Amino acid sequence: MAYYGKCLEAVIEQLDKFTPKRDNPEQFLEAAATSLQALSPQKQGFVWEVLSGCLEYQKLLTVVVDAFCAQDGRLYLRVDHSRFKVICYLATFLLEELGFQLFCDIIKSQPVDKMCKFLRFFFNPLNLCSWIKDEWSLIYEPAHVKENWIDPLMRWQPEVQELINHLEGVSASQSSPLKKTKAKVTEPKEFNLTAPKPRTIPAPEPVPVVAKPRPVPQSTYRTPKEQQQLETVKRYNRRKAEELLLRANVEELRCAMPRSCREPVQGSKQQLRLPFPPRIRKTPKLTFYRPDNVLVKLNTTAILREGALYQRQVEQELQRVDKLVDGAGDFSEFLEWQKKMQAKDREEQLAVGECRRLQGKLSHEEAVLARQNLMQENKQRAEQQKEQMAKLMLQHAERQLWEDRSRKELVEQVIEGQKNVKAAQAKLVKGRRQTVQEVIEASRGLLQRRAQEAQEEQRRRCELISQLRALETQPMRKGKLVDLTQIPGYGLEGEMSIVELRERLALLKENQRRDEEEKRDQIIQGKRTKSQELRDMLEQISLCRAAMGRSAALRWEEKKKAPAAPTQDERVQQLQRRISERAAERCKQAALLQVSAPRAARPKPRAQLEAQHWLEQERSRERRLRVLQQGGSGPGPVRRLEAA
């Protein structure tokens, strides 16, 4: 018995660690196998089989154990749920394999009273054949449940009932000696403790007056001014971009000028530098001035990132120039071929987009035809439904007349029976009213006496509080004189007086302040160096931006001069022919529907919405076509300058 008890305890310990929502059964079994390696091979095999079976049939076992804990096992702890699941699994799936004698030994190794209650509940024929069978049939096939699980349990029920009777006898024999040898009850005695002093009764606190809150500002309900400022900035950027575009046609790019022409820029840099104060706490930021004093600033990260980008571009340009100087080839032929291929790709893209649009329009025409056919079928079906509904209404009217006659007869019978009841109800109401009046008068007298007693108790408490406060206001001498220059004399190492301690603390604070000043000076010097580097980088960024703006304006002007013309494709023409055929067929079908049902000739809101949808699709296609003719779907240089 001890052998099986240890095996079951190992299984219960592993089941307590398992959480269905968090743990995977396969991974949990692998982890459990590593923890069970200390057991013998026979024990390990038995524990592994029982643990894997409990995890596989978790839902079946949970149904039985939860019902038992809700009815007969309400007083048991939650840690016993795993024990009941193991016993339920052994009785349901392994009773034939283990044998009844081995099963009895396993049951006797567990707590007797718990096993007795659970076996009586589980092997109850009423529970097995009713709700347990129904709940298990929701999870598995009913025939499989009845043949493999319910019928074997019903066959073992007489032997299990004898085991339950034996367990009840063992439990009764274990509890009877305890009652005979009951010792004398210990009588507790109170501790002789000092009575605590009564607490001071505090005076009632006044009700605090809540301050009036501030009203909500009116700016919360107004439209912000940032939107108007953004519109102004957009217009300003567009004007500036147009001016740069016009100026780029006549001015020369600064990167193409000789070094002698760029020397005055260094002087202008020196003039643009502003003197900074000696102690700078904030990082300088790139600022662009716009109308209405709207500022656009860049932080340190953005400045360093943009400076590194322009530095890489300059290095790449210098490498390209060096290669050209060394005799490298020109890419003009490749660029020309690239432009032709891009134009060809754009034409193919236009043809594919046109095919998709026409396919959508063709599917729309086919859908309209299908809808018209469906409307005609629905009309015929509606006429049949109306005929059936008329017959049903006639039958319902006849049934209603018969029910009205029966109701009238029943009402007459009820009225005759109620005439005799009203007199008895009137007498009963009169007696109840007299009883209520007497009870109200008695309760009123009791309330008056209680109010008088409460007033007397309140007056007595007020007198007692005033006496206690008078005792508390008597003067008392507290505290003693302290000499701050005297050493306490406790015998500790490094003992000193309070005055000496204060002097040493003052010296430590002075040293700490001196260290902080030195560190602050180092930080300020580092910030000044960093600020100087950022100012140099800002000047370089402004020059690179100006050069890029001029080059973008020139590219935009070149793209505007050479628009591409769209070409027609065979697939597009074939789809257009099919759409025209479907449209003609739809018009014929609509004419037939109009002759058969004049009401359907009126255009419906859904048809109007679909027509408007296809019109918007046509306009969007034309807009995309114009954009592709101008050289691509991306934004132009002017828009890029506005975004910058």
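Residues numbered from 1 in each chain as written. Predicted model: local features only at pLDDT ≥ 70, side-chain atom pairs only at ≥ 80, totals over all residues. Heavy atoms only, no water.

The name given to the protein chain in an unreviewed UniProt entry is Cilia and flagella associated protein 99, and the organism recorded there is Callithrix jacchus.

Turning our eyes to something else, we now look at the overall build of the protein chain. Helix and strand counts for the protein chain stand at 20 helices and 2 strands. Counting across all 644 residues of the protein chain, residues that qualify as buried make up 21%. (Helix = DSSP H or I, 4+ residues; strand = E, 2+ residues; numbered from the N terminus. Buried < 20%, exposed > 50% of the residue type's maximum accessible area, 1.4 Å probe, protein only.)

To continue, consider the nonpolar core. Membership of the largest hydrophobic core comes to 60 residues, with the highest contact counts inside it found for V50, V86, L90, L119, F122 and W136. Excluding its chain neighbours within four sequence positions, the residues that come into contact with F122 are V64, C88, A91, T92, L128, I132, W136 and L153. A302, L534, I541 and C544 belong to the second-largest nonpolar core, a separate cluster that totals 8 residues. (Core = buried A, V, L, I, M, F, W, Y, C linked by side-chain atoms within 4.5 Å. Contact = heavy atoms within 4.5 Å.)

This brings us to the pattern of salt bridges. Under the criterion given, the structure shown has 18 salt bridges. K146 serves as the salt-bridge partner of D151, at 3.6 Å between the closest nitrogen and oxygen. Judged by relative accessible area, K146 falls into the partly exposed class, the value being 39%. It is possible to trace a salt-bridge network through shared partners that takes in E403, D404 and R407. (Salt bridge = Lys/Arg side-chain N within 4 Å of Asp/Glu carboxyl O.)

Turning next to helix α17 (residues 498-561). An ideal rise of 1.5 Å per residue puts 94 Å on 64 residues; α17 measures up with 92 Å between its terminal C-alpha atoms. The set of residues buried in α17 consists of I524, S531, L534, R535, L538, E539, I541, C544, G549, R550, A552 and A553. (Expected span 1.5 Å × (residues − 1).)

The subject of this paragraph is a nonpolar patch on the surface. Together, I201, L464, L468 and L471 make up an exposed nonpolar region whose accessible area comes to about 340 Å². Among the structural elements, I201 can be located in the loop between α11 (157-180) and α12 (226-248). (Patch = residues over 30% accessible without salt bridge, like charges linked within 9 Å, V, L, I, M, F, W, Y side chains within 5 Å. Areas by Shrake-Rupley, 256 points an atom, 1.4 Å probe, with all protein chains shown as cover.)

Attention now goes to a negative patch on the surface. The grouping of D515, E516, E518 and D521 at the surface amounts to a negative patch. By the element assignment, D515 lies in helix α17. According to the relative accessible area criterion, D515 is partly exposed, its value standing at 48%. (Lys, Arg positive; Asp, Glu negative; His and termini not counted. Charge placed at Lys NZ, Arg CZ, Asp CG, Glu CD.)

Here we come to helix α10 (residues 142-155). Think of an α-helix as turning once every 3.6 residues; residues three or four places apart then point the same way. Relative to the 20 Å expected for 14 residues at 1.5 Å per residue, α10 spans 18 Å between its end C-alpha atoms, a close match to the ideal helical length. Of all the residues in α10, the buried ones are V145, W149, I150, P152 and L153.

Structurally, the position occupied by I303 is in helix α15 (residues 300-326). I303 sits in the buried class, given a relative accessible area of 0%. Put simply, I303 and M537 are 234 residues apart on the chain and 7.4 Å apart in space, counted from C-alpha to C-alpha.

A ring pair, where both rings are aromatic, is described by two values, the distance of the centres and the angle of the planes. Inspection of the entire model under this criterion finds 17 aromatic pairs. Note on Y57 and W149: the rings are 6.0 Å apart at their centroids and 85° apart in plane angle, and the pair reads as edge-to-face. Taken together, the positions of Y57 in the loop between α3 (41-56) and α4 (58-71) and W149 in helix α10 put the pair 92 residues apart, joining distant regions of the chain. Side by side, Y57 and W149 carry an identical accessibility label, which is buried. (Phe/Tyr/Trp six-rings, centres within 6.5 Å; stacked < 30°, edge-to-face > 60°.)

A few words now on the packing of α4 against helix α5 (residues 81-93). Between α4 and α5, the least distance of the axes is 9 Å, while the angle of their chain directions is 120°. Viewed along their axes, α4 and α5 adopt a mutual orientation that is oblique. In this structure, α4 crosses over α5, and the sense of that crossing is right-handed. Each of Q58, L60, L61, T62, V64, V65, F68 and C69 in α4 lies in contact with α5, whose residues at this interface are H81, F84, K85, C88, Y89 and F93. The class makeup of the residues in the contact of α4 with α5 is 10 nonpolar, 3 polar and 1 charged. (Axes fitted to C-alpha atoms, helices over the stretch in contact; angles between N-to-C directions. Parallel < 35°, antiparallel > 145°, perpendicular 65-115°, else oblique. Left-handed = near helix turned anticlockwise from the far one by under 90°. Nonpolar A, V, L, I, M, F, W, Y, C, P; charged D, E, K, R; others polar.)

This part covers the packing of α3 against α5. It is at 10 Å that the axes of α3 and α5 come closest, and there the two elements cross at 100°. It follows that α3 is roughly perpendicular to α5 by the angle criterion. Packed against α3, whose contacting residues are E49, V50, G53 and C54, the element α5 presents K85, V86, Y89 and L90 at the interface. Of the residues that constitute the contact of α3 with α5, the class distribution is 5 nonpolar, 1 polar and 2 charged.

Structurally, N127 can be placed in helix α9 (residues 125-139). The contact partners of N127, leaving out residues within four places of it in the chain, are F121, I132 and K133.

Glancing now at the confidence of the model for the protein chain. When pLDDT is low, close inspection of the predicted coordinates is not appropriate. A residue-level look at the protein chain finds 80% of positions with pLDDT of 70 or above and a mean pLDDT of 77. Per-residue pLDDT, averaged within each element of the protein chain, yields its smallest value for helix α20 (residues 637-643) (35) and its largest for α17 (88). Segment residues 597-604: pLDDT under 50, and 4 contacts once partners within four positions in sequence are set aside and those in other chains are kept. (pLDDT = per-residue confidence, 0-100.)

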